[in-house]
Amino acid sequence: MGIRLRQEPQLENPTLIASWPGIGNIGIIAVDTLRGILEAEEFGEIEPWEFFYPKRVLIRKGVLEYLEFPSSKFYFKRLGGKEIIFFIGEEQPTEGGRMYAEGEKAYRMADLVLDVAEKFKCHRVYTSGAAVALIHHTAKPRVWAVPNSRGLVAEIRRYGNTVLMSDIEGRGGHGNITGLNGLLLGVAKKRGFEAICLMGEIPVYLQGLPLSYPKASKSVLEVLSRSLGVEVDLDTLDELDQKVQQRIEEFYQQIPLEIRGQLDRLKHVAYTQPAEPGPITEEEEKKIVEDVEKFFKKRGEGG
Amino acid sequence: MNQNYPITIYQEPDLPRSSLVLGWSEDAGDLGRKVTDYLNLKLNGQEFAEVDPEDFFPMGGVAIKDNIARFPESKFYACPEHELAILRTDSPLAEWYKFLNSVLDVAERHCRVRELYVLGAMISFSAHTAPRQLIAVVNSTEMKEVLTQDDLNRDMDYQTQPGERPTLNSFLLWLARERNIPGVSVWVLIPFYLAAMEDPQAQRKVLSFLSERLGLRIDFSDLDQEIGEQNEQLAVARSRFPQIDDYINRLESNLVLSREENGELVKKIEEFLGEGD
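Residues numbered from 1 in each chain as written. Chains lettered and ligands numbered in written order. Predicted model: local features only at pLDDT ≥ 70, side-chain atom pairs only at ≥ 80, totals over all residues.

*Asks:* I'd like to hear about the overall build of chain B, residue by residue, with values.
*Replies:* For chain B, the helix and strand inventory stands at eight helices and twelve strands. The globule rule puts the C-alpha radius of gyration for 277 residues at 19 Å, and the 19 Å found for chain B is close to it. With the principal axes as the frame, chain B shows a C-alpha extent of 60 × 45 × 40 Å. Taking all 277 residues of chain B together, 42% fall into the buried category. Taking all contacts inside chain B whose residues are at least 6 apart in sequence as the whole, residues at least 24 apart take part in 76%. (Helix = DSSP H or I, 4+ residues; strand = E, 2+ residues; numbered from the N terminus. Rg over C-alpha atoms; globule rule 2.2 N^0.38 Å. Buried ≥ 20, exposed ≤ 12 C-beta atoms within 10 Å, placed from the backbone. Contact = placed C-beta atoms within 7 Å.)

*Asks:* Quick one: what's the story with the overall build of chain A, residue by residue and with numbers?
*Replies:* From N to C terminus, chain A includes eight helices and eleven strands. Across the 303 residues in chain A, those meeting the buried criterion constitute 40%. Put simply, 74% of the contacts in chain A that link residues at least 6 apart link residues at least 24 apart.

*Asks:* Which residues make up unusual backbone geometry, and what are the values?
*Replies:* Phi is positive for glutamate 39 of chain A, close to 50 degrees, though the residue is something other than glycine. Along the chain, glutamate 39 of chain A turns up in the loop between α1 (26-37) and β3 (41-46). For asparagine 254 of chain B, which is not glycine, the phi dihedral falls at a positive 60 degrees. Relative to the helices and strands, asparagine 254 of chain B is located in the loop between α7 (242-252) and α8 (259-275).

*Asks:* Kindly report on the pairing of strand β12 (residues 183-191) of chain B, identifying the contributing residues and their values.
*Replies:* Residue and element names in this part refer to chain B. Of all nine residues that make up β12, nine are buried, and the element is covered over most of its length. Along β12, one buried face is formed by Gly183, Ser185, Trp187, Leu189 and Pro191 and the opposite face, lined by Val184, Val186, Val188 and Ile190, is buried too. Bridging between strand β8 (residues 113-124) and β12 involves nine bridges; their strand directions are parallel. Paired with leucine 119 across the two strands is valine 186, which belongs to β12. In terms of strand pairing, strand β9 (residues 134-138) meets β12 through five bridges, oriented antiparallel. The partner of alanine 136 across the bridge, within β12, is valine 186. (Pairing = 2+ DSSP bridges.)

*Asks:* Quick one: what's the story with helix α4 (residues 180-190) of chain A, residue by residue and with numbers?
*Replies:* The α-helix advances 3.6 residues per turn, and as a result positions three or four apart in sequence lie on the same side. For α4 of chain A, a buried count of eight out of eleven residues is recorded, marking the element as mostly surrounded by other parts of the structure. Count one or two residues on from α4 of chain A and you reach glycine 192 of chain A, which has phi positive near 85 degrees.

*Asks:* Explain the nonpolar core residue by residue, including any values.
*Replies:* Counting 76 residues, the largest nonpolar core has Phe86, Val125, Leu184 and Leu198 of chain A as its most contacted members. Of the residues forming this core, the biggest block, seven residues, is contributed by helix α2 (residues 104-119) of chain A. Dropping the residues within four chain positions of it, leucine 184 of chain A is found in contact with Ala18, Ala110, Val113, Val125 and Thr127 of chain A. Counting 75 residues, the second largest nonpolar core, distinct from the first, contains Leu87, Ile181, Leu210 and Leu265 of chain B. (Core = buried A, V, L, I, M, F, W, Y, C linked by C-beta atoms within 7 Å.)

*Asks:* Outline the interface of chain A and chain B, supporting the account with residue identities and numerical values.
*Replies:* Each side of the interface is counted separately: chain A has 17 residues, and chain B has 24 residues. Mapped onto the side of chain A that touches chain B, the elements with two or more residues apiece are β4 (56-60) and β5 (63-68) of chain A. Within the side of chain A that touches chain B, the residues separate by chemical class into nine nonpolar, two polar and six charged. In terms of strand pairing, β4 of chain A meets strand β11 (residues 158-159) of chain B through two bridges, oriented antiparallel. If you follow leucine 58 of chain A over to β11 of chain B, its bridge partner there is glutamine 159 of chain B. (Nonpolar A, V, L, I, M, F, W, Y, C, P; charged D, E, K, R; others polar.)

*Asks:* Summarise the domain arrangement of chain B; cite the residues concerned and give the values.
*Replies:* Where interface size is quoted, it is often the accessible area lost as the parts come together. Residue and element names in this part refer to chain B. In terms of domains, chain B is made up of domain 1 (7-220) and domain 2 (224-275). Of note, the centres of domain 1 and domain 2, computed from C-alpha atoms alone, are 28 Å apart. Residue-level contacts link 13 residues of domain 1 with 15 residues of domain 2. Across the side of domain 1 that touches domain 2, the residue classes tally to eight nonpolar, four polar and one charged. (Domains from an automatic or database assignment.)

*Asks:* Any chance you could break down the environment of valine 232 of chain A for me, citing the residues and the numbers?
*Replies:* Residue and element names in this part refer to chain A. Within the element layout of this structure, valine 232 appears in the loop between α5 (214-228) and α6 (235-254). Considering only alpha carbons, one finds valine 232 and leucine 38, 194 residues apart in sequence, at a separation of 8.3 Å. Leaving out residues up to four positions away in the same chain, valine 232 has contacts with Leu34, Ile37, Leu221 and Ser225.

*Asks:* Provide a residue-level description of the pairing of strand β7 (residues 82-89) of chain A, including the pertinent values.
*Replies:* Residue and element names in this part refer to chain A. Burial analysis of β7 places seven of its eight residues in the buried class, the great majority of the element. Sheet analysis places strand β6 (residues 72-79) next to β7, joined by eight bridges and oriented antiparallel. Along β7, the bridge assignment pairs serine 72 with glycine 89. Linking β6 to β7, which pair antiparallel, is a turn of two residues; within it glycine 80 sits at a positive phi near 60 degrees.

*Asks:* Pulling in residues and values, what's your account of the packing of α2 of chain A against α4 of chain A?
*Replies:* Residues and elements named next belong to chain A. Remark: α2 packs on α4, axes separated minimally by 9 Å, with the N-to-C direction vectors making an angle of 60 degrees. The pairing of α2 with α4 is recorded here as oblique in orientation. Taken as a pair, α2 and α4 cross one another with a handedness that is right-handed. Note on element contacts: α4 touches α2 through Leu180, Leu183, Leu184, Val187 and Ala188, opposite Ala106, Tyr107, Met109, Ala110, Asp111, Val113 and Leu114. (Axes fitted to C-alpha atoms, helices over the stretch in contact; angles between N-to-C directions. Parallel < 35°, antiparallel > 145°, perpendicular 65-115°, else oblique. Left-handed = near helix turned anticlockwise from the far one by under 90°.)

*Asks:* Tell me what's going on with the confidence of the model for chain A, and back it up with residues and numbers.
*Replies:* With 87% of its residues at a pLDDT of 70 or more, chain A shows a mean pLDDT of 86. Long-range and interchain partners of residues 272-278 of chain A, a stretch whose pLDDT sits below 50, account for seven contacts in this model, where long-range means more than four residues apart. (pLDDT = per-residue confidence, 0-100.)

*Asks:* Residue-level account of the sheet that holds β7 of chain A, with values.
*Replies:* Residue and element names in this part refer to chain A. Across the sheet, which stays open at both edges, the nine strands sit in the order β1-β3-β6-β7-β2-β8-β11-β9-β10 with mixed pairing between neighbours. The sheet terminates laterally at β1 (3-5) and β10 (162-163), the two strands that pair on one side only. Both strand β9 (residues 143-147) and β10 contribute to a ladder of two bridges, which runs parallel. Within β10, the residue paired with tryptophan 144 across the bridge is valine 163.

*Asks:* Explain the packing of α1 of chain A against α5 of chain A residue by residue, including any values.
*Replies:* All names here are of chain A. Interaxial distance between α1 and α5 falls to 8 Å at its minimum, and their mutual angle equals 55 degrees. Classified by the angle between their axes, α1 and α5 sit oblique to one another. In this structure, α1 crosses over α5, and the sense of that crossing is right-handed. For the pair α1 and α5, the contacting residues are Ile26, Gly27, Ile29, Ala30, Thr33 and Leu34 in the first and Pro214, Ala216, Ser217, Val220, Leu221 and Leu224 in the second. Of the residues belonging to the contact of α1 with α5, the class tally is nine nonpolar, three polar and no charged.

Structure, rendered in structure tokens:
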């Protein structure tokens, strides 16, 4: 098991941007959109067999023609003086019905991705995922940025529409990033790469829905492209977002009026610093989350 | 246990060349277990190896089935005089690639397997009175050419539908092809209302295929008797319960039952046949 490289592009000092699916597919949509816009070229992959169960079989006239596995592919792009390596994992190597990868397989996958980063002398690694937040779906999502070294904090503060964990009320600078989008950040630290995870905010009441959330992907991509110094046209994400927002609105109208009233108050949440009192108290926040969770639990039980 | 080779060999089998028949223990109609047990009984199969379970099954407790605690098993049997190896196994729940490669390691290193037969059951919406159909999926065109049985469907087209995943049979056939082991997945169609029970007619169909293909010359009179008894029981059920008869009549006329009617037929047949246990 390992890495298969179809070609070995001559790169000097590339940036690696990696992502796997997660809540709202925020990170992977952002990264894959950028890969598509820049027309990055595929150059290798991680062999899938030990990580994944096959996803598709084709049988023709009684003969098994092929078995397809979830892909874990590398792409590269030279852009003026900049070089970018993309890694897109189609699935996280999960076990036992879990949603996110963890344990030995996840660690091995992260290590293999970084083997490629090391081989091509990457200086910086970005990963991307979702941040579940107490926001309304009509609001522009912020991007939560988690670096793996203190030296990156000052840079992150210059990004715009971006917050550190210490900026988020009640977090005290702490938190967790579940799955490979987070684990890669840690393994990168262990192996001496500087790395940043960019997480687009998704409203707390949408986190369990089988919907992508391109609005947050757009926020991530704005930050990422600014950080990379790359100009990209994000119209495709706007189109996708319009379609998804329509479905979200339909769902939103099904939420009981009482809970919806609470959620409507999130429209007026101003992003606050920990020291400033917000328009919703901590107690009210707790109640909103509880009500939403109760609603989803009830909905789930009802099939 | 060897960390990289999770197999325990109890006794080296005398199999200078062989075919391997693999049956999954929890198939529809209990097909895999019944067919492999039947072969072992008739051909005097001797256990010689097993796959160690801890990498492939959760070890958080035991499952209980029909009042009895179960523990996952993957056991190999040898029938040297018939050049046959048999594996009866639970379906692994993790590390599928490692599990299936371990099976193929035993097949290659200890049984010198030349052909692989993987059994499977598919649910059919036909009546039990219709002949059981057999479908073959092969991993090479050469294998397809040697399967000449008249009543075998060798031309199925299929691709995975959204929300579904390939079967372990396909995964194993694909890995066998990587090792140049010709293989066939033998699927038998089982009426949906017998899927949670046993279907001796489906077992007979698969066993007849294997017997003919591998020259096993098995006497199936006991299994034929079992088929006759089940058919009689089902005939009694039809005569006693007009609703059951109506549903089966409609299936025999190639009509489709509603989801509720399907469920009701399953329930009534299971209740009736269960009473005879």
